[in-house]
Each structure stands twice: as C-alpha cells, then as structure tokens.
Amino acid sequence: MMAGTGRQRAIAKALTTLLPMAPYADTEQIRAEANKPHLKTLPPSLAVWLATVAHVRHAHTEYDRLMDEEGYDRESARFFVVDEINEVLTRWRATRLLDPDDDEI
C-alpha cells in the first residue's frame, strides 16, 4: 500500500480502529466510499463510520429488498435492519454499534 495523503492515512487508521476484524473486501469498499468527495468535509473517523453503516446496510442486510420489493420507505427500512447491521459490526469486532434511536444514520 502506498503512503497516500494525510487524509488517506487517517482514514486507514480510523478503519483499522473501528473495524479490526472486517474482511478485506469490505474494508476496501468502505475505504473507497470514505474517500469520496461528498464525505471529504467530514473528519476521517466520521467519514469511515458513515461509509461503514451505508456499506453494511446495502451489502449485508435486507434493506434494499425491503425498499424495492416490500415497498417500505427509507426510514422504515432502516429501522428494520438496525439489528442486522449491528450483528455484522459485532462479527467484525467494531468499536461502535448503530444506535436505533439515532435519526442521523
């Protein structure tokens, strides 16, 4: 891995700290998302957290199916996948879990 920018190094550190046991394929997708322009104004740790939650929601839960096939709105679908997200984060030994009462995520 090349050294990269200071932000890229900070994202790598935040990713390792947040998700010490996450699979490489998942961490690379999360890293790529955390480096996207729409998250560049955020601190690296927050960008990694938001990218992680979005990645897990779409790649490891029934979120998309609930919206596409079951007709749930976004907020309802998010509510119903919180436990699934936290199960994945727990498997990955995440240092933070999703709070079901957090309206921001």
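To be clear, the structure that these remarks concern was listed above.
## Quick look at the packing of helix α2 (residues 24–34) against helix α3 (residues 44–60)
Interhelical geometry of α2 versus α3 gives an angle of 125° and a closest axis separation of 8 Å. As judged from the angle between their axes, α2 and α3 are oblique. Crossing angle aside, the handedness with which α2 passes α3 is right-handed. Within the contact between the two elements, α2 uses D26, Q29, I30, E33 and A34 and α3 uses A47, V48, A51, T52, H55 and H60. Here the residues of the contact of α2 with α3 sort into five nonpolar, four polar and two charged.

## Some points on helix α5 (residues 74–91)
Structurally, the α-helix is built with 3.6 residues per turn, so residues lying three or four positions apart point the same way. Taking 1.5 Å per residue, 18 residues should reach 26 Å; α5 reaches 25 Å between its end C-alpha atoms and fits that length. For α5, the principal kink sits at V81 and spans about 45°. Along α5, the positions that sit buried rather than exposed are A77, R78, V81, V82, I85, N86, V88 and L89. The secondary structure elements touched by the buried residues of α5 are α3 and α4 (63–68). The positive-phi residue at the C-terminal boundary of α5 is R93, with phi of around 60°.

## Focus: the side chain of T27
Among the secondary structure elements, T27 is positioned in helix α2. Not counting the four nearest positions on each side in its chain, T27 is found in contact with L15 and A22.

## Considerations on helix α1 (residues 6–18)
In this model α1 runs 18 Å from its N-terminal to its C-terminal C-alpha over 13 residues, within 8% of the 18 Å that 1.5 Å per residue would give. Summarising the contacts, the buried residues of α1 are in contact with α2 and α3.

## Overview of a nonpolar patch on the surface
Among the surface-exposed residues, Y72, F79 and F80 lie close enough to one another that they form a single nonpolar patch of about 330 Å² accessible area. Tracing the chain through its elements places Y72 in the loop between α4 and α5.

## Section: the nonpolar core
If you look at the biggest cluster of nonpolar residues, it comprises 26 residues, and the most contacted ones within it are L19, V48, L89 and W92. Broken down by secondary-structure element, the contributors of at least two residues to this core are α1, α2, α3, α4 and α5. Non-local contacts of L19, meaning those with residues more than four positions away in its chain, are made with I30, T52, L89, W92 and A94.

## Description of the packing of aromatic side chains
This model, assessed by the stated rule, comprises two aromatic pairs. Arranged with centres 5.4 Å apart and planes meeting at 70°, the rings of Y72 and F80 form a pair that is edge-to-face. Summarising the aromatic geometry, the rings of F79 and F80 are spaced 5.1 Å apart at their centres and angled 80° between planes, so their arrangement reads as edge-to-face. Given the relative accessible area of 56%, F79 is considered exposed.

Criteria and cut-off values
Residues numbered from 1 in each chain as written. Predicted model: local features only at pLDDT ≥ 70, side-chain atom pairs only at ≥ 80, totals over all residues. Heavy atoms only, no water. Axes fitted to C-alpha atoms, helices over the stretch in contact; angles between N-to-C directions. Helix = DSSP H or I, 4+ residues; strand = E, 2+ residues; numbered from the N terminus. Parallel < 35°, antiparallel > 145°, perpendicular 65-115°, else oblique. Left-handed = near helix turned anticlockwise from the far one by under 90°. Contact = heavy atoms within 4.5 Å. Nonpolar A, V, L, I, M, F, W, Y, C, P; charged D, E, K, R; others polar. Expected span 1.5 Å × (residues − 1). Bend = angle between axes of the 7 residues up to and from the residue. Buried < 20%, exposed > 50% of the residue type's maximum accessible area, 1.4 Å probe, protein only. Patch = residues over 30% accessible without salt bridge, like charges linked within 9 Å, V, L, I, M, F, W, Y side chains within 5 Å. Areas by Shrake-Rupley, 256 points an atom, 1.4 Å probe, with all protein chains shown as cover. Salt bridge = Lys/Arg side-chain N within 4 Å of Asp/Glu carboxyl O. Core = buried A, V, L, I, M, F, W, Y, C linked by side-chain atoms within 4.5 Å. Phe/Tyr/Trp six-rings, centres within 6.5 Å; stacked < 30°, edge-to-face > 60°.

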